[in-house]
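What follows is the residue order along each chain.
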Amino acid sequence: MPVRPFSREQTWLLPPTLDELIPADHPARFVAAFVDGLERAAWGELGIAPDGEVRGAPGYRPRVLLGAWLYGFMTGVRSTRKLEAACQEQLPYLWLSGWQRPDHNTLWRFYQEHRPGLRQLFKRTVRVAVKLGLVDLAVQAVDGTKLLGNAARGRTLTAEQLRRLLERTEAAIADLEAQNGGGEEPSPPALPRELARRHRLRERVEHALAAVQAEDAPGRTNLTDPDTVLVKGRHGATVAGYNGQVMAAPLDAEVAGRGGRLLTAEHLVAEPEDHGQLGPLIEQARELSGERVALTLADGGYHSGPNLERCDELRQAVVMPEAQQARLGDPYHKDAFVYDAATDTYRCPQGQALVFMGMIRRPGDEPAARRYRAPLAVCRACPVRARCTTSTTTGRSISIRPDDARLRAHRAQMATDVARAAYRRRKALVELVFGVLKGQQDARRLLLRGLAAVQAEWSLLATAFNLRTLARVWQGWPPARRWELTGAAAS
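A brief report on the enclosed structure follows. (Residues numbered from 1 in each chain as written. Predicted model: local features only at pLDDT ≥ 70, side-chain atom pairs only at ≥ 80, totals over all residues. Heavy atoms only, no water.)

1. As for the side chain of aspartate 299
No. 1: Among the structural elements, aspartate 299 can be located in the loop between β7 (295–297) and α12 (305–313).
No. 2: Of the side chains with opposite charge, arginine 426 comes closest to the buried, unpaired aspartate 299, at an N-O distance of 4.2 Å.
No. 3: Within the local environment of aspartate 299, its side chain forms a polar contact with the backbone nitrogen of glycine 301, the two atoms lying 3.0 Å apart.
No. 4: In contact with aspartate 299, other than residues within four places in its own chain, are Asp143, Met320, Pro321, Tyr423 and Arg426. (Helix = DSSP H or I, 4+ residues; strand = E, 2+ residues; numbered from the N terminus. Buried < 20%, exposed > 50% of the residue type's maximum accessible area, 1.4 Å probe, protein only. Lys, Arg positive; Asp, Glu negative; His and termini not counted. Salt bridge = Lys/Arg side-chain N within 4 Å of Asp/Glu carboxyl O. Polar contact = N/O pair within 3.5 Å; in protein donor to acceptor, adjacent residues only side chain to side chain. Contact = heavy atoms within 4.5 Å.)

This is the structure:
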């Protein structure tokens, strides 16, 4: 077949306009409309002066820098160097910036100064979607994901490891000072580079050791980012990182014209477990949406008696399985023990009595639980002892917590077909969110350090996810109707 003419020296017959560079329904246009529509009060909430300063050299307009950052987080361009290159080479960024090319230092200063205030943008995306009726608030799903921090796992050290590192550092400093102090030449006005590096390391180690040895402090800390915790990353590997949490609700396909998900709450914590996050996320989603969602779906990582009681206080129906679901089928689970109120004892499945032994409080338990135990001699003679208990020094014991009745009621609820059918929606509703965040928005690893900084980074990632969702809705609507979405975003 013939080939097309090709030349790198051809010229434009007519110079193109900037508006011709990207299609009319390009997501960058929605980002521009979202940013340009922010009123002065909204800029004030972000902590940004939209008109710049009266004196000094002219700077970039805040809407140029904000638009670049938002579109960058939407497309996985999150480092300042990559964002600088995108603003120089990629047409959507050139269109967003009006053919201006901010450098990485300018982009970083804007991001560093204003990222706490940018968390307000997440609230705006939720309220825009709710105002237009785009979100189906009949059901919502919560989940968490472990994120790599900007710190190596090997830099997480115990107090003993920190002491040994401090000793090695002190020895290295003494050796370097001896090398630089010999001879008759005067000492240099500044410390040699390697010696200065060792001094800085000693300061960090001393600070970390003091933090680990403080009262109620964790048993270890990371020298690079002390706020990270050890979490299970991909394939079960333990890494230094954080726990990112989201609440997702489905779009109303009839109103939005398409399916999808919108995040109604987000949070990031330096904790390896999910238990403490359910209540705060439900409260945040209710505050931002202005409505109480009929049903919340959660996985077994959130299951606990206190969480169920908190949901009762919030009048929030919740469907979530137990983390140790397999144990419920054990014929010697404590639920199979029958209570006798007259004697304050429990009867095991073999008819033996467990008497009250006192109160017990484990770390994190509040309030204390009641402990019941069978005589050791009775358990030793029992033919099913190996199936009932593994203890060789005491008889079978059970702990009865004040919330056990609530746990049993929830188990009965989860055994119904209605609850099981509802729970099957959870995976498709919320786990896909993390696929987009990590696969398309490059959120597998956080780039900043420190809890406050990474919380702002996670919030901007959630904001960008919502903007991607709203942009797809905007693209699907006819041009005459798109102003509804951009106008709601501006108000």
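We are not done yet, so read on.
2. Considerations on the packing of helix α3 (residues 62–75) against helix α6 (residues 104–114)
No. 1: It is at 10 Å that the axes of α3 and α6 come closest, and there the two elements cross at 90 degrees. The angle between α3 and α6 falls in the class roughly perpendicular. Facing Pro62, Leu65, Leu66, Trp69 and Phe73 of α3, the residues of α6 in contact are Thr106, Leu107, Trp108, Phe110 and Tyr111.
No. 2: Residues of the contact of α3 with α6, tallied by class, amount to nine nonpolar, one polar and no charged. (Axes fitted to C-alpha atoms, helices over the stretch in contact; angles between N-to-C directions. Parallel < 35°, antiparallel > 145°, perpendicular 65-115°, else oblique. Nonpolar A, V, L, I, M, F, W, Y, C, P; charged D, E, K, R; others polar.)

3. Observations concerning the nonpolar core
Nonpolar side chains in soluble globular proteins tend to be buried together.
No. 1: Formed by 84 residues in total, the largest nonpolar core has its most connected members in Leu66, Leu70, Leu134 and Leu485.
No. 2: Considering every element that reaches this core, the biggest residue donor is helix α17 (residues 451–476), with 13 residues.
No. 3: If we ignore the near neighbours within four places in the chain, the residues touching leucine 66 are Val35, Leu38, Trp43, Leu46, Phe110, Leu118 and Leu121.
No. 4: One finds Val142, Ala265, Cys311 and Val318 within the second-largest nonpolar core, a separate group that totals 15 residues. (Core = buried A, V, L, I, M, F, W, Y, C linked by side-chain atoms within 4.5 Å.)

4. Description of empty space enclosed by the protein
Gaps between atoms show up when a probe of the same size as a water molecule is rolled over them.
No. 1: Counting across every chain of the model gives two cavities of 30 Å³ or more.
No. 2: One number sums up the size of the largest cavity: a volume of about 110 Å³.
No. 3: Lining the largest cavity are 15 residues, with Cys348, Cys379, Cys382, Cys388 and Arg396 positioned closest to its centre.
No. 4: A class-by-class count of the residues in the lining of the largest cavity yields ten nonpolar, three polar and two charged. (1 Å grid on protein atoms, 1.4 Å probe; cavity = no way out; pocket = protein on both sides within 12 Å on 5 of 7 lines; lining within 4 Å. Points joined across faces, edges and corners; volume = space filled by probe spheres on them.)

5. Some points on the packing of aromatic side chains
The geometry of an aromatic ring pair comes down to the distance between the two centres and the angle between the two planes.
No. 1: Tallied over the full model, the rule gives ten aromatic pairs.
No. 2: Measuring from centroid to centroid gives 6.0 Å for tryptophan 108 and tyrosine 111, while their planes differ by 75 degrees, and the two rings are edge-to-face. Of this pair, tryptophan 108 and tyrosine 111 both sit in helix α6, three residues apart, which is roughly one turn of that helix.
No. 3: Under the relative-accessibility criterion, tyrosine 111 is labelled buried at 2%.
No. 4: The structure contains a cluster of three or more aromatic residues connected by ring pairs, namely Trp69, Phe73, Trp108 and Tyr111.
No. 5: The ring of tyrosine 111 has arginine 115 lying over it, and the distance from NZ or CZ to the ring centre is 5.8 Å.
No. 6: When the ring centre of tryptophan 477 is taken as reference, the NZ or CZ atom of arginine 481 above it lies at 3.8 Å. (Phe/Tyr/Trp six-rings, centres within 6.5 Å; stacked < 30°, edge-to-face > 60°. Lys NZ or Arg CZ within 6 Å of the ring centre and 35° of its normal.)

6. Details of α6
No. 1: Listed in full, the buried residues belonging to α6 are His104, Thr106, Leu107, Phe110, Tyr111 and His114. Within α6, the buried residues cover an arc of 165 degrees as seen down the axis, which keeps them to one side.
No. 2: If you follow the buried residues of α6, they end up packed against α2 (40–46), α3, α4 (80–89) and α17.
No. 3: In this structure aspartate 103 caps α6, since a side-chain oxygen of it lies 2.9 Å from the backbone nitrogen of asparagine 105. (Arc of directions from axis to C-beta.)

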